[in-house]
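The residues making up each chain are set out below.
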Amino acid sequence: MTRTPFRIDIPQADLDELRARLDATRWPDELPGAGWDYGVNREWLRELVEYWRHGYDWRRHEARLNAVAQFMTTIDGQPIHYLHVRSPEPDATPLLLTHGWPSTVCDFLDVLGPLTDPRSHGGDPADAFHVVAPSVPGFAFSGPTLERGWGLTRIASAFARLMADLGYERYGAQGGDFGSMVSPELGRIATEHVIGVHVNALANAAVSTDPSDMERLGAEDRALVEQNEHWWYGHSGYATQMSTRPQTIAYALNDSPVGQLAWNLEWFVDWDPANTEQTRVSRDAILTDVTTLWLTRTAGSAARLYLEAGEGGWGERPAPSPVPTAVANFPGDRAVRGVAELSNTIVRWTEFDRGGHFASLQAPDLLVGDIREFFRDLG
């Protein structure tokens, strides 16, 4: 496998064009007093766009990303971008981190240091990891995807190949959101190499995907699943669109930065002022993800993951995995242990009262601590 060092260097003309498009935004009307009842609130979004235009500094975040070792390679015909941060501890455990939608590897910047160098971050050097964090095919610098078929299994297979090519024979896997489905899939297809799987925001363990699921659950878990199904019905419009007709929305996402920002905010729900359950994600973190997708013109390609993953079975119950699995459930996440146990060997389940769906951004200290404890217990 050929590995080429990579450095982000966005042309100034692209940033100037982004600013011009923000200035030329054509705003829709909004019903009086609508608040957030019909979707992202217009006045709140206008304030965020104003900050994006006049306060947000892409070059600062670009420099922060470029301070991390990055590489490009090609696997199964697809360009793959990844971060690779080796620990100063020689016996560190290799760990593959996988992001979800609408995230990028930028979400991991606050956890890289504590994971790879715990000695310098008040931790035990025995808990150190060598971290590999790929951009999911179709996202940012791993995009766009070039052909059909980049669902969960193919992504997991590519990541297994990446770890093998980097010389990591035994390693852990961690992921949130779509990463919480890719990581267990990696354990299923590379069982002899994956020592354990740690997930947060376990997206496919919140609702039933087969009528027989409910029959296998206890009364408390059945009630939770029914609540989740009611909640999902009112929040799944974006997912329905992307899992059925992603190309249609791609035109709007690729043409309007404000449209892309609003679309991505469908899942950054913690920003809704009426939602006091989750810790807020910073404006800069949200805008770095959005700007990265905008500048790489991959918002439409990233949207295809919903359709591709559906064809591979993200709407179906996955096959059982024998790999030891830990679940970190943060506020706003809706994973149900009884559902998760239908497809995973759950050995650790932690409920947190702080953080949120994007745990690496909302509670990086808690996420790092839980990852350390899980892999420490694996011995």
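Presented here is a report on the structure given in the accompanying data block. (Residues numbered from 1 in each chain as written. Predicted model: local features only at pLDDT ≥ 70, side-chain atom pairs only at ≥ 80, totals over all residues. Heavy atoms only, no water.)

### Focus on the overall build of the protein
Rules: Per the convention used, a helix needs a DSSP run of H or I reaching at least four residues, while a strand needs a run of E reaching at least two, with both numbered from the N terminus. This radius of gyration counts C-alpha atoms alone. The globule rule is 2.2 Å times how many residues there are, raised to the power 0.38. Every residue pair with non-hydrogen atoms within 4.5 Å of one another is taken to be in contact. Areas reported here follow the Shrake-Rupley algorithm with a probe of radius 1.4 Å; residue values treat only the protein chains shown as occluding. The positive count covers Lys and Arg only, the negative count covers Asp and Glu only, and His and the chain ends enter neither. Charge placement uses NZ in Lys and CZ in Arg. For Asp and Glu, CG and CD serve respectively.
When helices and strands are counted, the protein shows 16 helices and nine strands. Here the C-alpha atoms of the protein give a radius of gyration of 20 Å, agreeing with the 21 Å that 2.2 N^0.38 yields for 379 residues. Judged by the C-alpha coordinates and their principal axes, the protein covers about 55 × 50 × 40 Å. Here the contacts in the protein between residues at least 6 apart in sequence split such that 73% fall between residues at least 24 apart. For the protein, the accessible surface area stands at approximately 16200 Å², while carbon and sulfur atoms represent 48% of it. In the protein, 32 side chains carry a positive charge and 52 a negative one; their mean positions are 4 Å apart.

### Section: the sheet that holds strand E3 (residues 78–85)
The criterion, for reference: Should DSSP find at least two bridges between two strands, the strands are taken to pair. For helices, the fitted axis covers only the stretch in contact; all axes are lines through C-alpha atoms, and the angles between them, taken along N-to-C directions, range from 0 to 180 degrees.
Spatial strand order, E1-E2-E3-E5-E4-E6-E7-E8-E9: nine strands in an open sheet with mixed pairing. Both edges of this open sheet fall to strand E1 (4–5) and strand E9 (345–351), since each of them pairs with a single strand only. Against the sheet, helix H4 (residues 109–116) touches E3, strand E4 (93–98) and strand E5 (129–134), its axis set at about 155 degrees to E5.

### A short note on helix H5 (residues 152–165)
Test applied: The span you would expect from a helix comes to 1.5 Å times its residue count less one. For every residue, the accessible area obtained with a 1.4 Å probe (protein chains only) is divided by the maximum for its type, and the residue is called buried under 20%, exposed over 50%, and partly exposed between those limits.
Here H5 contains 14 residues, and its C-alpha end-to-end distance of 20 Å stays within 8% of the 20 Å for a straight helix at 1.5 Å per residue. Looking at H5, one finds that the buried residues are Leu 152, Arg 154, Ile 155, Ala 156, Ala 158, Phe 159, Ala 160, Leu 162 and Met 163.

### So, the nonpolar core
The nonpolar side chains of a soluble globular protein tend to be buried, and buried together. We count it as follows: Put simply, buried Ala, Val, Leu, Ile, Met, Phe, Trp, Tyr and Cys residues joined by side-chain atoms within 4.5 Å make one nonpolar core.
Counting residues in each nonpolar core, the largest one holds 112 residues, and the members touching the most others are Trp 101, Leu 115, Leu 261 and Leu 265. Ranked by residues supplied to this core, first place goes to H5 with eight residues. Setting aside anything within four residues of it in sequence, one finds Leu 115 in contact with Leu 95, Leu 97, Asp 127, Ala 128, Phe 129, Val 131, Val 368 and Ile 371.

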